[in-house]
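Inside the fold
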Amino acid sequence: MFLPVLYGASRAHRKQLGAKGFIHVANDMSKKASPDEAIRTAVQGALNALTASAKFGLIRFVYTSSSFAATQPKPGKPFTVTAKTYNEEAVERAHQPDPDGETIYSASKVAAEQAIWKWTEDNPSSMVVNTGMLRWRPVF
Amino acid sequence: MPIPGLASVAVPYGSVVVVSGVTGFIGSHIADQLLLAGYKVRGTTRNVQTGKWAEEHFRGKYGHDSFELKQVIDMAADGAFDTVVDGKHVFACSLRGFSSSPEAIRRQGLHTRRK
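Note that the structure is a prediction, hence the values are computed from the model and not measured. Numbering of residues begins from 1 in every chain and follows the order in which that chain's sequence is written. For naming, the first written chain is A and the first written ligand is 1, with later ones following in the order written. For this predicted model, a pLDDT threshold of at least 70 governs which residues receive local features, and a threshold of 80 or more governs which side-chain atom pairs are given and counted, while totals over whole chains, interfaces and linings are taken from all residues. Working from all heavy atoms in the structure, the side-chain values ignore hydrogens and water.

1. Quick look at the overall build of chain B
- Summing up its helical and strand segments, chain B has 5 helices and 3 strands in all.
- When the helices and strands of chain B are listed from N to C terminus, the series reads β-α-β-α-β-α-α-α.
- Within chain B, the proportion of its 115 residues that are buried is 45%.
- Counting only contacts in chain B whose residues sit at least 6 apart along the sequence, the fraction spanning at least 24 positions is 54%. Secondary structure elements are defined from DSSP: runs of H or I of at least 4 residues count as helices, runs of E of at least 2 residues count as strands, and each element is numbered from the N terminus. Partly exposed residues are those whose accessible area sits between 20% and 50% of the maximum for their type, while under 20% is buried and over 50% is exposed, using a 1.4 Å probe and protein chains only. Whether two residues touch is decided by their heavy atoms; if any such pair falls within 4.5 Å, the residues are in contact.

Structure, rendered in structure tokens:
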């Protein structure tokens, strides 16, 4: 007897249940995956998050990237980072034998970020996309 | 508490924001800041059992309706986030357990209603 009431309430409620924003943080930090597998998971996971967000009309999408997607830290050495700078060093090293976990992580962040920007170029929408990065201290 | 320094926000306060990786260090802090600002958070994790603390913690701190935890076992699988973003799975849960298929959910709903 109460089921129609439950259904009605749920249906009204359901309209508010669609998300309006997505912050994609998930990343495989287990360091167990091979470089190819880690990169594939990061890229595919990011694109799944992005396409779901666009499909259901979200307003904002943020990928929590990393300073390691932009560059290796180079303490004491002045260098320039622009919006187009990526950590190519890590990408290169990730494809050499026995890369360390940090290198694989960095390369997967580069690949996921590049895939996100390529997708937004290929699929114009009103959803605003950004890739934020976090640093533990200022560069200088 | 609205975000200090912002006169208006693009995503209205009270909206649901999905945070993937919500049980991690960065994800859990982002969820906390969103909840503090007045958003609702739908967090995803690979394992809702080991991630249960997050739901308990955030619901305890911000209220039962503020936070929900959803399992996405493999984020690289096709359409991994679709039902989480869409939100219709919540409706299915409230009726009779979890179903990942939107068609099945719709059928169940209509069927139940006709009864």
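2. Some words on the pairing of strand 2 (residues 60-64) of chain A
Residue and element names in this part refer to chain A.
- By this definition, two strands are paired if DSSP reports at least two bridges between them. Bridge analysis of strand 1 (residues 21-24) against strand 2 gives 4 bridges, and the strand direction is parallel. Bridging from a neighbouring strand, Phe22 pairs with Phe61 of strand 2.
- Read as a crossover between parallel neighbours, the route from strand 1 over helix 2 (residues 35-55) to strand 2 is right-handed.
- Pairing between strand 2 and strand 3 (residues 128-132): 5 bridges, direction parallel. The partner of Arg60 across the bridge, within strand 3, is Val128. By convention, orient the strands away from the viewer: a clockwise path from the first strand over the helix to the second makes the crossover right-handed.

3. What to know about the nonpolar core
- Residue types Ala, Val, Leu, Ile, Met, Phe, Trp, Tyr and Cys, when buried and joined through side-chain atoms within 4.5 Å, form a set referred to as a nonpolar core. Within the largest apolar cluster, 31 residues are counted, with the highest numbers of intra-cluster contacts made by A:Phe22, A:Leu50, A:Phe61, A:Ile116, B:Phe81 and B:Val85.
- For this core, the elements supplying multiple residues, two or more each, are helix 2, strand 2 and helix 5 (101-122) of chain A together with strand 1 (16-20) and helix 3 (82-86) of chain B.
- Here the element with the most residues in this core is helix 2 of chain A; it accounts for 8 residues.
- Ranked by size, the runner-up nonpolar core spans 17 residues in total, among them A:Ile23, B:Val17, B:Val22 and B:Leu35.

4. Quick look at the confidence of the model for chain B
Residues and elements named next belong to chain B.
- A residue's pLDDT is the predictor's confidence in that residue, given on a scale from 0 to 100. Within chain B, residue pLDDT values average 83, and 77% of them lie at 70 or more.
- Predicted confidence for residues 90-100 stays below pLDDT 50, and this span has 25 contacts to residues more than four positions away or in other chains.
- Every residue in residues 104-115 scores below 50 in pLDDT, and together they form 15 contacts with partners more than four places removed in sequence or on other chains.
- We note a pTM of 0.82 for the whole complex and an ipTM of 0.85 for its interfaces.

5. What to know about helix 2 of chain A
- For helix 2 of chain A, with 21 residues, the first-to-last C-alpha span of 30 Å sits near the 30 Å given by 1.5 Å per residue.
- Once helix 2 of chain A finishes, A:Gly57 follows within two positions and takes phi at roughly 70°, a positive value. Expected span of a helix: the number of residues minus one, times 1.5 Å.

6. Structural notes on the pattern of salt bridges
- One side-chain nitrogen of Lys or Arg within 4 Å of one carboxyl oxygen of Asp or Glu is enough to make a salt bridge. Applying the stated criterion across every chain yields a total of 9 salt bridges over all chains.
- We note a salt bridge from B:Arg46 to A:Asp28, for which the minimum N-O separation is 3.8 Å. Of the two residues, B:Arg46 sits in the loop between strand 2 (40-45) and helix 2 (52-62) while A:Asp28 sits in the loop between strand 1 and helix 2, which places them in two different chains.
- Between B:Glu68 and B:Arg42 there is a salt bridge whose closest N-O contact spans 2.6 Å. Placement of the pair is B:Glu68 in strand 3 (residues 67-71) and B:Arg42 in strand 2, with a sequence separation of 26 residues.
- Residue B:Glu68 is classed as buried on the basis of its relative accessible area of 16%.
- For B:Arg42, a relative accessible area of 0% puts it in the buried group.

7. What about the pairing of strand 3 of chain B?
Residue and element names in this part refer to chain B.
- In terms of residue burial, strand 3 counts as a mostly covered element, since 4 of its 5 residues are buried.
- Strand direction decides the pairing type here: strand 2 and strand 3, joined by 5 bridges, are parallel. Among the inter-strand pairings, Gly43 is bridged to a residue of strand 3, identified as Leu69.
- Between the parallel elements strand 2 and strand 3, the chain passes through helix 2 in a crossover that is right-handed.

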